[in-house]
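Listed below are the residues making up each chain.
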Amino acid sequence: MRLSIIGSGYVGTTVAACFADLGHEVVNIDIDEGIVETINAGDAPIHEEGLDELVADHAGPEGTGRLRATTDYAAVLDTDVTFLCLPTPQNDDGSIDLSIMEAGASHLGEVLADKPDWHTVVVKSTVVPGSTEDAITPILEAESGKTAGEAFGVGMNPEFLREGTAVSDFLNPDKVVLGADDERALADMHEVFEPLVSRADAPVVETDTRTAEMIKYANNAFLAAKISLINDLGNICKEFGIDSYEVADAIGLDDRIGEQFLRSGVGWGGSCFPKDVAAIIAAAEEQGYDPAVLNAAVAVNDRQPGRLVDLLADHVALDGARIAVLGLAFKPGTDDMRNSRAIPVIESLQARGATVTAYDPVATENARDYLDDVTYADSAAAALDGADGAVVVTDWDEFAALDDAFDNMADPVVVDGRRIIERRDGITYEGLTW
Ligand SMILES: NC(=O)C1=CN([C@@H]2O[C@H](COP(=O)(O)OP(=O)(O)OC[C@H]3O[C@@H](n4cnc5c(N)ncnc54)[C@H](O)[C@@H]3O)[C@@H](O)[C@H]2O)C=CC1
Ligand SMILES: O=C(O)[C@H]1O[C@H](OP(=O)(O)OP(=O)(O)OC[C@H]2O[C@@H](n3ccc(=O)[nH]c3=O)[C@H](O)[C@@H]2O)[C@H](O)[C@@H](O)[C@@H]1O
């Protein structure tokens, strides 16, 4: 099929490259000319394992030609289905900010006015229940002068990929959720996903758009709350001198609990859990419901960075100290700094008079946009050299291999927020929840 993917960020680029790999003809539309040029040169605009290869295979000079990028929305006219993969950030009060989606829908609607035949528009961005029906569809209708269900169809297809493993998550989904209030839109979505579903043998959940929207929030809120619960329990373990990872390993054997997402530590960050939990809380409150568990999940998450710094302060006088921060990205495998726990950790260290030398294998450039007065080291060993203490914020594998580097610290105190460093002789080691 011929697909247009609007937005070439983490989701849009991954989805576009994977659909091209599955045999579709795909055009990526983004307002950022740099991103468009990068894709057309055969390179991935973001750091994701396997993405460079896919973009090179299909958009590069030697590629199949099944993937290209443009800034021109008119490219939609030569396609059958459009996916909206635009950002859905939060307002100051935590509620969803749909303005970018609305702007995208408006451009798309203008173009659809000139489309002679049927077209299906699929909302892939994470949007609160009712957004597709009440906000996006009316804009498409107003700008195109056409009626949804007659000239074009609208569907909602939430995305569950994780950053760092985006390509493999997209190609091996646990489920594919197809939300539509229109039979033809649903049929188009089935046709788009057919090569993926048959290859991955993934279950398909067919539902209406509102339920599809809610499934996405329920999925993220459940996972975020699961981490906050294990963090809460981990904090209790720490008070008792118990290793929360031993406890987590045991409870994870209960199928009803499951072993995944039980890694306690400095908490959840990233571009989605924080904003999505905030958005569904705000949406629930707007309906007059107080989501007590989700509010508690946020409260526990907000406390973990401060607990990490407090633990370091138990061993190191922070005022005037130089602290090494290992890891900046919100999780390993990505250069994404959005809502990284490194931000509150570093700000708290600085507020307490410490200076910070930080190291991350890939996120340093992005970190410069989020943090002030940080010195960036070229390696973990260089960050640790002469430091008065260290905290671990991201569980990059390479930190597990550190050994002699700790010997060069002025004071070898290591507070681990991710359980990646092994206890060893010669260092004072504290785990956040163990
Ligand atoms: N990042 C992730 O792992 C996941 C994100 N999501 C959801 O997917 C949506 C997109 O997220 P990301 O891909 O992370 O966003 P992103 O910020 O990485 O990328 C968005 C892209 O849209 C472009 N853009 C902005 N306005 C535009 C416009 N009017 N027309 C065309 N392009 C425009 C930007 O230049 C950027 O390249 C959000 O709703 C997010 O919650 C869902 C699952 C996973
Ligand atoms: O909606 C989204 O954008 C995505 O949000 C998350 O994916 P992502 O944010 O990329 O990363 P995760 O692997 O879920 O990690 C999120 C945060 O939780 C933390 N985490 C994760 C697992 C765990 O056991 N403990 C823990 O603290 C990570 O360090 C990270 O800061 C979801 O896992 C995806 O299914 C979803 O599509």
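Everything discussed here concerns the structure shown above.
Residues numbered from 1 in each chain as written. Chains lettered and ligands numbered in written order. Predicted model: local features only at pLDDT ≥ 70, side-chain atom pairs only at ≥ 80, totals over all residues. Heavy atoms only, no water.

A. Representation of the overall build of the protein within the structure. Secondary structure assignment for the protein yields 15 helices and 14 strands. Against the compact-globule benchmark of 22 Å for 434 residues, the protein has a radius of gyration of 23 Å, which places it among compact chains. Seen through its C-alpha atoms, the protein measures out along the principal axes to roughly 70 × 50 × 40 Å. In the protein, of all internal contacts separated by at least 6 residues, the share reaching a separation of at least 24 is 71%. Measuring between centres, the 29 positive side-chain charges of the protein sit 4 Å from its 80 negative side-chain charges. (Helix = DSSP H or I, 4+ residues; strand = E, 2+ residues; numbered from the N terminus. Rg over C-alpha atoms; globule rule 2.2 N^0.38 Å. Contact = heavy atoms within 4.5 Å. Lys, Arg positive; Asp, Glu negative; His and termini not counted. Charge placed at Lys NZ, Arg CZ, Asp CG, Glu CD.)

B. Examining the site of ligand 2 more closely. Not every one of the 20 residues close to ligand 2 is listed here, only the nearest: Phe160, Leu161, Glu163, Lys216 and Cys272. The element contributing the most residues to the shell around ligand 2 is helix α8 (residues 209-240), with three residues. Here the shell around ligand 2 is composed, by residue class, of nine nonpolar, three polar and eight charged. Split by domain, the shell around ligand 2 shows at least three residues from each of two domains, domain 1 (2-207) and domain 2 (212-434). (Near = heavy atom within 4 Å. Nonpolar A, V, L, I, M, F, W, Y, C, P; charged D, E, K, R; others polar. Domains from an automatic or database assignment.)

C. Layout of the sheet that holds strand β4 (residues 81-84). Pairing within the open sheet is mixed, and its eight strands lie in the order β3-β2-β1-β4-β5-β6-β7-β8. Single-partner strands in this sheet number two, and they are β3 (67-70) and β8 (204-207). Between one strand and the next, the sheet's axes are offset by a mean angle of 25°, whatever the strand orientation. With four bridges joining them, β4 and strand β5 (residues 119-123) adopt parallel strand pairing. Across the sheet, residue Leu84 finds its bridge partner in β5, namely Val123. Relative to the sheet, helix α2 (residues 33-40) contacts β2 (25-29) and β3, its axis offset from that of β3 by approximately 160°. Set on the sheet, helix α4 (residues 99-112) makes contact with β1 (2-6), β4 and β5; between it and β5 the angle comes to about 175°. (Pairing = 2+ DSSP bridges. Axes fitted to C-alpha atoms, helices over the stretch in contact; angles between N-to-C directions.)

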